[in-house]
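What the coordinates show
So you can see what is in the structure, the chains are spelled out below.
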Amino acid sequence: MKLYSTNNKDLRVSFQDAVFNSLPQDKGLYMPEVIPNLDPLFIKNIQQYSLQEIALTVASALIGDDIPKEDLKKIVEDAINFDAPVKFLDAETGVLELFHGPSYAFKDFGARFMSRVMGYFSKQGDKLLDVLVATSGDTGGAVALGFLGVEGTRVTILYPKGKVSKVQEEQLTTNGQNIRALEVDGTFDDCQALVKQAFNDASLNAELRLTSANSINIARLIPQTFYYFWAYAQLKAQGVNEVVFTVPSGNFGNIGAGLLAYKMGLPVKHFVAGTNVNDTVPRFLQSGAYEPKPSVQTLANAMDVGNPSNWVRIQDLFDNELDKLRSIISSFTYTDEETQVAMRELFEKYNYVACPHTAIAYLAAQAYKAENPGEYASVFLSTAHPCKFPDGIDADIFEKVTYPAGAEELAGKPKLADPLAVSYEDFKEYLLKNK
Ligand SMILES: *Cc1c(COP(=O)(O)O)cnc(C)c1O
């Protein structure tokens, strides 16, 4: 597999380089030079395969010889060891549940696969790989649990004190082993600024082999294609042939992976993006002008993104042509009030407790269906388990949340976190003292 930069189509780097660099120096995004077309027979018979078999076929088509198939098989089977079921709410509406992994959110797919790929490429004798990550909640848990116990790696997570939910904090701070958490007396933006400064600090980089677990890493994007194929396989097994996927979107990595799957030959009728009031992409699809704005805080806080970092990739997939983008993607935007009404409707109509992000996808799926009636399955993605978002869900509904197995055990573990002031000097000293 070779990759180019969206800012320089003549650039070619290996998969390994793209994984460790995350983004090209020209600040573009890595894209596969060739998007392979999967064997039509594989798609035709896809309902015969398991999630892991599908994942291996898709990953292998993309990555090629960069990881021999036997090794890739081990990575896939180790990383994708939980299900992503499609559950039907009614005859034509399904929800693809992506929260059955260890951090109860879809980011487990990306983080677990990336951690194992990084472990694989970090050959013995290499310096310890130091992963730095700032989190507002969901990314950190997926990265911590994804890298937990992966040899040759260590993760340092910075999270804003008092600004993550209970379950999120437990996932960040109860791991030990090769995972350490820094509880920063500041905001998520402060955490991100500290991490950014560390990456730009030459003397620190001379001492430590730093890497980011950024959501734009190609090794996070690839595994997110798997569950679109797997959802389609489940639908096909039930006799459904046409599907519209609706994706709650923030950085647009999740829906970007769906569009990559589509480009590889997955038959999808249409994609719908649901956003909160951070509506840069919906405005772009309307007007054709890309005008990012500072992010606004909402109930669906994992989607509070004013300048979605993966959007460039999606534009690249469709040759930067607005007409092509509009023919495959629609988008809808919702306020917190609308999101709350949707959570209540899901609960009262279907006895389904959804997180705010998932509720936005539900609304967008309905809006698209109202504008485009027809005989297709409308499947929206549930990106997180509701137990991670107690503040966003009305108390009487939240009471009905069934916690995943393991959540209780997590709550009983001691908290392991070191306090950190918003001070780069302190952060650097911590990293160097605890090498
Ligand atoms: C990260 C996240 C999203 C947004 O996904 P993108 O790939 O950034 O669009 C949506 N929902 C939840 C729960 C998330 O954690």
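Just so we're clear, the structure is a prediction, and the values are computed from it rather than from any experiment.

1. Description of the overall build of the protein
- A tally of helices and strands in the protein yields 19 helices and 14 strands.
- For 435 residues, the compact-globule estimate of 2.2 N^0.38 gives 22 Å, and the protein sits close to it at 21 Å.
- Its C-alpha atoms give the protein principal-axis dimensions of about 60 × 50 × 40 Å.
- Here the protein, with 435 residues, has 59% of them falling under the buried criterion.
- Long-range contacts, defined here as pairs at least 24 residues apart, represent 75% of the contacts in the protein between residues at least 6 apart.
- A total accessible area of about 17700 Å² is found for the protein, and carbon and sulfur atoms account for 47% of it.
- Distance from the positive charge centre (40 side chains) to the negative charge centre (54 side chains) of the protein: 4 Å.

2. Quick notes on the UniProt feature "domain: Threonine synthase N-terminal" (unreviewed entry) in the protein
- UniProt marks residues 4-79 with the feature "domain: Threonine synthase N-terminal" (unreviewed entry), using the numbering shown here.
- End-to-end, the C-alpha atoms of residues 4-79 are 26 Å apart, and along that stretch the chain is 47% helix and 16% strand.

3. Comments concerning the site of the ligand
- Lys-107, Asp-138, Gly-250, Asn-251 and Thr-383 are the nearest of the 15 residues found near the ligand.
- A distance of 2.5 Å is found between an oxygen atom of the ligand and a side-chain nitrogen or oxygen belonging to Lys-107.
- Note that a nitrogen atom of the ligand is positioned 2.8 Å from one of the side-chain N or O atoms of Thr-383.
- Its free accessible area being 380 Å², the ligand has 96% of it covered by the protein chains.

4. Quick look at the pattern of salt bridges
- Enumeration over the complete set of coordinates arrives at 22 salt bridges.
- Put simply, Arg-283 and Asp-279 hold a salt bridge, and the shortest N to O gap is 3.0 Å.
- Among the residues examined, Asp-279 registers a relative accessible area of 16% and is labelled buried.
- Among the salt bridges present, the one from Asp-394 reaches Arg-344, with a minimum N-O distance of 3.1 Å. Of this pair, Asp-394 sits in the loop between strand S13 (377-382) and helix H17 (395-398) while Arg-344 sits in helix H15 (residues 336-350), and the two are 50 residues apart along the sequence.
- Given the relative accessible area of 26%, Asp-394 is considered partly exposed.

5. Some points on the sheet that holds strand S12 (residues 329-333)
- Sheet architecture is open: six strands sit in the order S4-S5-S13-S10-S11-S12, paired in mixed fashion. Each edge of the open sheet is held by one strand with a lone partner, namely strand S4 (86-90) and S12. Between one strand axis and the next, the sheet turns by 25 degrees as a mean value, whatever way the strands run.
- Summarising the sheet, strand S10 (residues 243-248) and strand S11 (residues 270-275) pair through five bridges and their orientation is parallel. Of the residues in S11, the one forming a bridge with Val-244 is His-270.

6. Structural notes on the nonpolar core
- Among the nonpolar cores identified, the biggest contains 97 residues, and Phe-15, Ile-63, Phe-113, Tyr-228, Phe-229 and Phe-245 are the most heavily contacted of them.
- If one sorts the elements of this core by residue count, helix H10 (residues 218-237) sits on top with 13 residues.
- Setting aside its immediate chain neighbours within four residues, Phe-245 contacts Tyr-228, Ala-231, Leu-266, Val-268, His-270, Phe-271, Val-272, Val-379 and Leu-381.
- Met-343, Leu-346, Val-353 and Phe-380 belong to the second-largest nonpolar core, a separate cluster that totals 36 residues.

7. Brief notes about helix H16 (residues 356-371)
- Relative to the 22 Å expected for 16 residues at 1.5 Å per residue, H16 spans 23 Å between its end C-alpha atoms, a close match to the ideal helical length.
- With respect to burial, H16 is a largely interior element, 13 of its 16 residues being buried.

8. A look at the sheet that holds strand S2 (residues 8-14)
- Strand order in this open sheet of three strands is S2-S1-S3, and the pairing throughout is antiparallel. One side of each edge strand has no neighbouring strand; the edge strands of this open sheet are S2 and strand S3 (30-32). Across the sheet, the mean angle separating the axes of adjacent strands is 40 degrees when strand polarity is ignored.

9. Regarding the packing of aromatic side chains
- Using the criterion set out here, one finds 19 aromatic pairs in the structure.
- Judged by centre distance (6.1 Å) and plane angle (70 degrees), the rings of Phe-284 and Tyr-290 are edge-to-face.
- Taken together, the aromatic side chains of Phe-82, Phe-109, Tyr-227, Tyr-228, Phe-245, Tyr-262, Phe-271 and Phe-318 make up a single cluster linked through ring pairs.
- Taking NZ or CZ as reference, Arg-209 lies 5.0 Å from the ring centre of Phe-20, over its face.
- Between the NZ or CZ atom of Lys-263 and the centre of the ring of Phe-318, over which it lies, the distance is 4.8 Å.

10. Topic: unusual backbone geometry
- In this structure, Lys-27 is a non-glycine residue whose phi angle is positive, near 70 degrees.
- Relative to the helices and strands, Lys-27 resides in the loop between helix H1 (15-21) and S3.
- Positive phi values are uncommon outside glycine, yet Gln-177 reaches one of about 50 degrees.
- Its location among the elements puts Gln-177 in the loop between helix H7 (166-173) and strand S8 (179-184).

11. Observations concerning the pairing of strand S7 (residues 153-160)
- Where burial is concerned, most of S7 is hidden: eight out of the eight residues are buried.
- Bridge count for strand S6 (residues 129-134) against S7 is six bridges, and the pairing is parallel. Residue Leu-129 lies in a different strand from S7, and its bridge partner there is Thr-153.
- For the handedness criterion, the β-α-β arrangement of S6, helix H6 (residues 138-147) and S7 is classed as right-handed.
- Where S7 meets S8, six bridges bridge the pair, whose relative direction is parallel. Considered in S8, the bridge of Val-155 is made with Ile-179.
- Handedness of the crossover joining S7 and S8 through H7: right-handed.

12. As for H6
- Counting buried positions along H6 gives ten out of ten residues, so the element sits mostly inside the fold.
- Asp-138, Thr-139, Gly-140, Gly-141, Ala-142, Val-143, Ala-144, Leu-145, Gly-146 and Phe-147 are the residues of H6 that are buried.
- Contacts made by the buried residues of H6 are with helix H5 (107-121), S6, S7, H7, S8 and H10.
- Downstream of H6 by a residue or two, Gly-149 has a phi angle that is positive, lying close to 80 degrees.

Basis of the calculations
- Residues numbered from 1 in each chain as written.
- Predicted model: local features only at pLDDT ≥ 70, side-chain atom pairs only at ≥ 80, totals over all residues.
- Heavy atoms only, no water.
- Helix = DSSP H or I, 4+ residues; strand = E, 2+ residues; numbered from the N terminus.
- Rg over C-alpha atoms; globule rule 2.2 N^0.38 Å.
- Buried < 20%, exposed > 50% of the residue type's maximum accessible area, 1.4 Å probe, protein only.
- Contact = heavy atoms within 4.5 Å.
- Areas by Shrake-Rupley, 256 points an atom, 1.4 Å probe, with all protein chains shown as cover.
- Lys, Arg positive; Asp, Glu negative; His and termini not counted.
- Charge placed at Lys NZ, Arg CZ, Asp CG, Glu CD.
- UniProt positions renumbered as here; feature names shortened; annotations may be inferred.
- Near = heavy atom within 4 Å.
- Polar contact = N/O pair within 3.5 Å; in protein donor to acceptor, adjacent residues only side chain to side chain.
- Salt bridge = Lys/Arg side-chain N within 4 Å of Asp/Glu carboxyl O.
- Pairing = 2+ DSSP bridges.
- Axes fitted to C-alpha atoms, helices over the stretch in contact; angles between N-to-C directions.
- Core = buried A, V, L, I, M, F, W, Y, C linked by side-chain atoms within 4.5 Å.
- Expected span 1.5 Å × (residues − 1).
- Phe/Tyr/Trp six-rings, centres within 6.5 Å; stacked < 30°, edge-to-face > 60°.
- Lys NZ or Arg CZ within 6 Å of the ring centre and 35° of its normal.
- Right-handed = clockwise from strand over helix to strand, strands pointing away.

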